[in-house]
There are 2 protein chains.
Amino acid sequence: MSSGPRDTRVLEAPAASLDSWNEGTARAGIVDFVTRVTKEGGPDFVPAPDRIAVFDNDGTLWAEQPAYFQLLFALDRVKALAPQHPEWKDEEPYRLALTGDLGALAAAGEHAIVRLMATAHSGMTTEEFAQIVKEWLHTGRHPQTGRPYTDMTYRPMLELLDYLRAHGFRTFIVSGGGVEFMRAFAESAYGIPPEQVVGSQGKLRFERRDGKPVLVKQPEVQYIDDGPGKPASIQTILGRRPIAAFGNSDGDHAMLQWTMAGSGPRLALLVHHTDAEREWAYDRQSRVGRLDKALDEAHESGWTVVDMRKDWKRIFRFE
Amino acid sequence: MSSGPRDTRVLEAPAASLDSWNEGTARAGIVDFVTRVTKEGGPDFVPAPDRIAVFDNDGTLWAEQPAYFQLLFALDRVKALAPQHPEWKDEEPYRLALTGDLGALAAAGEHAIVRLMATAHSGMTTEEFAQIVKEWLHTGRHPQTGRPYTDMTYRPMLELLDYLRAHGFRTFIVSGGGVEFMRAFAESAYGIPPEQVVGSQGKLRFERRDGKPVLVKQPEVQYIDDGPGKPASIQTILGRRPIAAFGNSDGDHAMLQWTMAGSGPRLALLVHHTDAEREWAYDRQSRVGRLDKALDEAHESGWTVVDMRKDWKRIFRFE
C-alpha cells in the first residue's frame, strides 16, 4: 500500500505559486482560467468535482530526449538480464540493445522496440514489476545529464500541478507511457495517486504462484493510450470530460481537441520545446514527441503555447 | 457535467446506519471490520486513501433476474428501433428479441445475445448513449415487478455504501456490466461518481460529426470485466488493491481472492440469494449469477456470506 504524498498534501501548505514561470501570456492564461472557474457565483464557475485536468507525461511533465525514458528503462533492463541470456549476444534485437546505440535501434524499426519493451515488461507479477521500476529510478542515470530520471521533471509543471490542486482541481496523467511504469513514480514525483494515472496497458493474467493469487504481466498489449486513444481512455476510465488538458506533441492533439469541444470554460496548453541550451529544441521534424498539426491548431484556435525558453525561469526540478 | 450526489454528501448527514440489516454474523462482521480499520493507532488501522471497497453491481447492488437488466435494456432498445428496421421481423436474432421470449433467447445462445447487445450499444456518440440509457431508466419497467429498474437496488447495500463512505472509504463498482451503461445511474442511485465505475468496455472511435470531435461507440468489445478480468481491471484502472470486496457470483470469485490475498485486515462478502418470496432464490444451478465455487471458498475461508432471507429486513429500495 502506498503512503506517499498525494493530492491532499497541498492543504497543509500555503497556496501554491508559479514562481518558475516568467510573466507572459502562458502564465497569464493559466491564472486567468483558474481564477474564472473557481470564482463562486461567476459566469464561468465550475464545481470542484468537474475540475479535471489531464497531463501528458513524456515531454510535458518530464523530458523525453534522446528517447522516451521508458525505452531507456527497457534497455537497462535487458542489460541487467543479459548474464542470464548468453544467447542475446548473437540475437537481434537484443544484441543491438546491448550496444546501447539508440540511432541503430530506431533504424531497426518498431518491431525491434516492441520486442525489447515486451521483454522488459512481462513475465513478472505486477508487484515485482513495480519494485524493478523503483530500483531503476534509484540507480538509473540519464545518458546525457547523468541525473536520476525523476530529477528531469519540469519544475514549472510541478508548480502548475500544485497550483491547480490548491484550487480544487484533480490532476490526472493521461499518457502513452505504461500505466504501471508511471505509477512507480507518479505519486512521489508529481503528487498524483495511482488511481489518477491513465496509460498504455499490457495484458495481465490472473494466476496462482506459490499458492497465492497474483497478476502476471503478459507480453501482449491491451491498449495504446496515444493519439485518438487518449480521449477514448479518458471517457472509458474517467467518464468525465476534462476542462483543462496539457500536452506537447501530436500524440496529445486529440486529447486537447476533445477537452476543448466541451461547453463552458476550457484550457488547452502545449509545451513547446524551444530551449536547445537548457533542454532540447524540437518540434515538427522530431522522431520523439513530434509537434506539428497540434501546433498549427494551437495557433489557429488560440490555445496556450508555452515557449520553454522564454516562459520558464527554470526547467528541471534539480535547478 | 454531472452535479448529482457523490461521495462527499455523507459529510452533510449524520453517520450512516445499517438499519435494514438484522443483527447477525454478516452485520457484525462488517461493523467489526470497519471499526478495526478506522481505529487510529490500532493494529489494523488503514489510512483513508487505501480504504478502497469494490462492489459488483448485478445481483450485488441491484437485482439480476429474470435476466441482467442491461440485456432487458437492449431488448427494449431493439423494440424502440424496430419501426426503422422492418427487415428485423424476419431476421434473427431480432425477430426473437421482438417476441421478448427470454428463454428462447437464452437457448439461441451467446452469439445472438452479443449481436443484440452490439445493436443497442453502438453507432451513437457516448453522450447520445448516456441520454438513451437515462430515458430508459425513466420509462423502462421490470417485467415482473413493474417497477423502474433503479427501484430494484438493494436498500441494505445502499446503507452499506453510505456506511463505508461515512468511515472514509471510497466505494467503486467493478462489474461485468457496461461502464457507460452503469454510469448513467451510478451517481444518482448509489452516490458513486463516474470515475469510480469500472466495467466492461466497448471500443470507442474518435471522429468528427457536424464539425465537432466526438467518441462513437463501436460494436466491438474492448474488455470484459468479469471473472479474472476483475482483478486485472482493478490493477490497471485503480492501481491499488482493495481491502474490501462485495459480490454475489462466481464472476466475482477472482476479485474476492485478489482482495483477500493482500496483507492486513480484509473483508470479502458474498450476497447469497436465498429469498424466493421477497426476491429470488438461486445459486449453484442458476443461468444468471451462478454462485458455486465462490460459495465453497467462502465457507472454507470464512468469508462473510449474507443470507438475504435472514440478514435483510428489507430488500429493495422501494420497500
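Conventions we followed
Here the residue numbering is sequential within each chain, running from 1 through the sequence in written order. A letter from A marks each chain and a number from 1 marks each ligand, given out in the order of writing. Only residues with pLDDT of 70 or above have their local features reported here, since the model is predicted, and side-chain atom pairs are shown and tallied only from 80 upward, although totals for entire chains, interfaces and linings are computed over all residues. The basis for every side-chain value is the complete set of heavy atoms in the structure, and neither hydrogens nor water enter the calculation. Helix and strand assignments come from DSSP, with helices taken as H or I runs of at least 4 residues and strands as E runs of at least 2, each series counted from the N terminus. Radius of gyration here uses only the C-alpha atoms, and the compact-globule reference equals 2.2 Å multiplied by the residue count raised to the power 0.38. Working definition: with a 1.4 Å probe on protein chains only, accessible area under 20% of the residue-type maximum means buried, over 50% means exposed, and in between means partly exposed. Residues are treated as being in contact if the distance between any of their heavy atoms lies within 4.5 Å. Surface accessibility follows the Shrake-Rupley procedure with a 1.4 Å probe radius. Residue values consider only the protein chains on display as shielding. The charged-residue count follows a simple rule in which Lys and Arg add positive charge and Asp and Glu add negative charge, with His and chain termini not counted at all. For this purpose, a charge sits on NZ of Lys, CZ of Arg, CG of Asp or CD of Glu. Throughout, the accessible surface (probe 1.4 Å) given up by two parts as they are put together, summed over both, is called the buried area. Between Lys or Arg on one side and Asp or Glu on the other, a salt bridge is scored when a side-chain nitrogen of the former is within 4 Å of a carboxyl oxygen of the latter. Any pair of N or O atoms that falls within 3.5 Å is considered a polar contact. Within protein, one atom must be able to donate a hydrogen and the other to accept it, and sequence-neighbouring residues count only if both atoms are side-chain atoms. Inter-axis angles, ranging from 0 to 180 degrees, are taken between N-to-C directions of lines fitted to C-alpha atoms, where helices are fitted over the stretch in contact. Oblique is the label for every angle not falling under 35 degrees (roughly parallel), over 145 degrees (roughly antiparallel), or within 65 to 115 degrees (roughly perpendicular). Classes in brief: Ala, Val, Leu, Ile, Met, Phe, Trp, Tyr, Cys and Pro nonpolar; Asp, Glu, Lys and Arg charged; the others, Gly included, polar. Copy-to-copy alignment: least squares on C-alpha atoms, limited to residues at pLDDT 70 or above in both. When DSSP finds at least two bridges between two strands, those strands are taken to pair. Centres within 6.5 Å make a pair out of two Phe, Tyr or Trp rings, where for Trp the six-membered ring is used; the pair is then stacked when the planes are under 30 degrees apart, edge-to-face when over 60, and tilted otherwise. Here, a charge over a ring means that NZ of Lys or CZ of Arg falls within 6 Å of the ring centre while also lying within 35 degrees of the ring normal. Residues enter a nonpolar core if they are buried and are Ala, Val, Leu, Ile, Met, Phe, Trp, Tyr or Cys, with the set joined through side-chain atoms within 4.5 Å.

On to the overall build of chain A, then. Of the regular secondary structure elements, chain A holds 12 helices and 7 strands. Taking 2.2 N^0.38 as the reference for a compact globule, 319 residues should give roughly 20 Å; the C-alpha atoms of chain A span a radius of gyration of 20 Å, in line with that estimate. With the C-alpha coordinates of chain A rotated into their principal frame, the extents come out at 65 × 45 × 35 Å. Considering chain A as a whole, with its 319 residues, one finds that 58% of them fall into the buried category. Partitioning the contacts of chain A with sequence separation of at least 6, the portion at a separation of at least 24 is 68%. In the structure as shown, chain A presents an accessible area of about 13100 Å², 50% of it carried by carbon and sulfur atoms. Side chains of chain A give 38 positive and 45 negative charges; the mean places of these two sets differ by 3 Å.

Before going further, it helps to examine the interface of chain A and chain B. Chain A puts 43 residues into the contact, and the matching count from chain B is 42 residues. Roughly 3600 Å² of surface becomes buried between chain A and chain B when both sides are summed, with 56% attributable to carbon and sulfur atoms. Here Arg240(A) and Glu195(B) are joined by a salt bridge, their closest N and O atoms 2.8 Å apart. At the surface where chain A touches chain B, the tally comes to 16 residue pairs in polar contact (both at pLDDT 80 or more).

Applying the stated rule across the entire model yields 40 salt bridges over all chains. Between Asp151(A) and Arg147(A) there is a salt bridge, with the nearest N and O atoms lying 3.5 Å from each other. Residues joined by salt bridges that share partners form a network here, namely Asp50(A), Arg170(A), Arg240(A) and Glu195(B).

Now for the packing of helix α8 (residues 179–190) of chain A against helix α9 (residues 229–238) of chain B. Following both chains from N to C, one finds α8(A) and α9(B) inclined at 50°, their axes separated by 9 Å at the closest point. One element, α8(A), and the other, α9(B), form an angle in the oblique class. Together, Val179(A), Glu180(A) and Arg183(A) of α8(A) and Gln235(B), Thr236(B), Ile237(B) and Leu238(B) of α9(B) make up the contact between the two elements. When its residues are assigned to classes, the contact of α8(A) with α9(B) shows 3 nonpolar, 2 polar and 2 charged.

It is worth spelling out the relation of the copies chain A and chain B at this point. When chain A is fitted to chain B, the best match, at an RMSD of 0.0 Å, comes from turning it 180° and sliding it 0.0 Å along the axis. What the superposition gives is, in effect, a two-fold axis relating one chain to the other. Residue Ile237(A), judged by its C-alpha, is the member of chain A lying nearest the rotation axis, at 3.5 Å. Mapped onto chain B, 98% of the interface residues of chain A are again interface residues, and the two copies thus contact each other with one and the same surface.

What follows is about the sheet that holds strand β7 (residues 304–307) of chain B. All names here are of chain B. Strand order across the open sheet formed by 7 strands is β4-β3-β2-β1-β5-β6-β7, with mixed pairing between neighbours. The open sheet terminates on both sides in strands that have one partner only, identified here as β4 (212–223) and β7. Taken pair by pair, the neighbouring strands of this sheet meet at an average axis angle of 30°, ignoring direction. In the sheet, strand β1 (residues 52–55) pairs with strand β2 (residues 170–178) via 4 bridges, with the strands oriented parallel.

Following the criterion strictly, the structure yields 34 aromatic pairs over all chains and no others. Aromatic pair Trp88(B) and Tyr94(B): ring centres 4.3 Å apart, planes at 5°, arrangement stacked. Judged on exposure class, the residue Trp88(B) and its partner Tyr94(B) are both buried. An aromatic cluster of at least three residues, connected via ring pairs, comprises Trp62(A), Phe69(A), Phe73(A), Phe129(A), Trp136(A), Tyr149(A), Phe181(A), Phe185(A) and Tyr190(A). The ring of Phe129(A) is capped by Lys217(A), whose NZ or CZ atom sits 4.5 Å from the centre of that ring.

Residue and element names in this part refer to chain A. Within the open sheet, the 7 strands sit side by side as β4-β3-β2-β1-β5-β6-β7. Their pairing is mixed. In this open sheet, the two edge strands, each paired with only one partner strand, are β4 (212–223) and β7 (304–307). Adjacent strand axes in the sheet meet at a mean angle of 30°, parallel and antiparallel pairs treated alike. Running over the sheet, α8 touches β2 (170–178), β3 (197–209) and β4 and is turned about 120° from β3.

Before going further, it helps to examine the environment of Glu220(A). All names here are of chain A. With respect to the helices and strands, the residue Glu220 is situated in strand β4. The partly exposed category is assigned to Glu220, whose relative accessible area is 41%. Spatially, the C-alpha atom of Glu220 lies 34 Å from that of Glu279, the residues being 59 residues apart in sequence. The contacts of Glu220, once residues within four sequence positions are left out, are Gly202 and Lys203.

Bringing the side chain of Ser20(A) into the picture now. Here Ser20(A) is to be found in the segment before α1 (25–37). What makes Ser20(A) buried here is its relative accessible area of 0%.

Bringing the side chain of Thr153(A) into the picture now. With respect to the helices, strands and loops of the structure, Thr153(A) is situated in the loop between α6 (126–139) and α7 (155–166). Those residues in contact with Thr153(A), other than ones at most four positions away along the chain, are Leu61(A), Trp62(A), Leu158(A), Tyr190(A), Ile315(A), Phe316(A) and Arg317(A).

Moving on to the nonpolar core. Counting residues in hydrophobic clusters, the biggest one holds 72 residues, and the most contacted among them are Met157(B), Leu160(B), Tyr190(B) and Phe246(B). Here Met157(B) is in contact with Trp21(B), Phe55(B), Thr60(B), Leu61(B), Phe246(B), Val271(B) and Trp312(B), once residues within four sequence places are set aside. Ranked by size, the runner-up nonpolar core spans 61 residues in total, among them Trp136(A), Leu161(A), Val179(A) and Val271(A).

This part covers the pairing of β3(A). Residues and elements named next belong to chain A. For β2 and β3, the ladder comprises 3 bridges, and the chain directions are parallel. Bridge pairing links Val174 to Val198 in β3. As paired elements, β3 and β4 share 8 bridges and run antiparallel to each other. For Gly202, the partnering residue across the bridge sits in β4 and is Val221.

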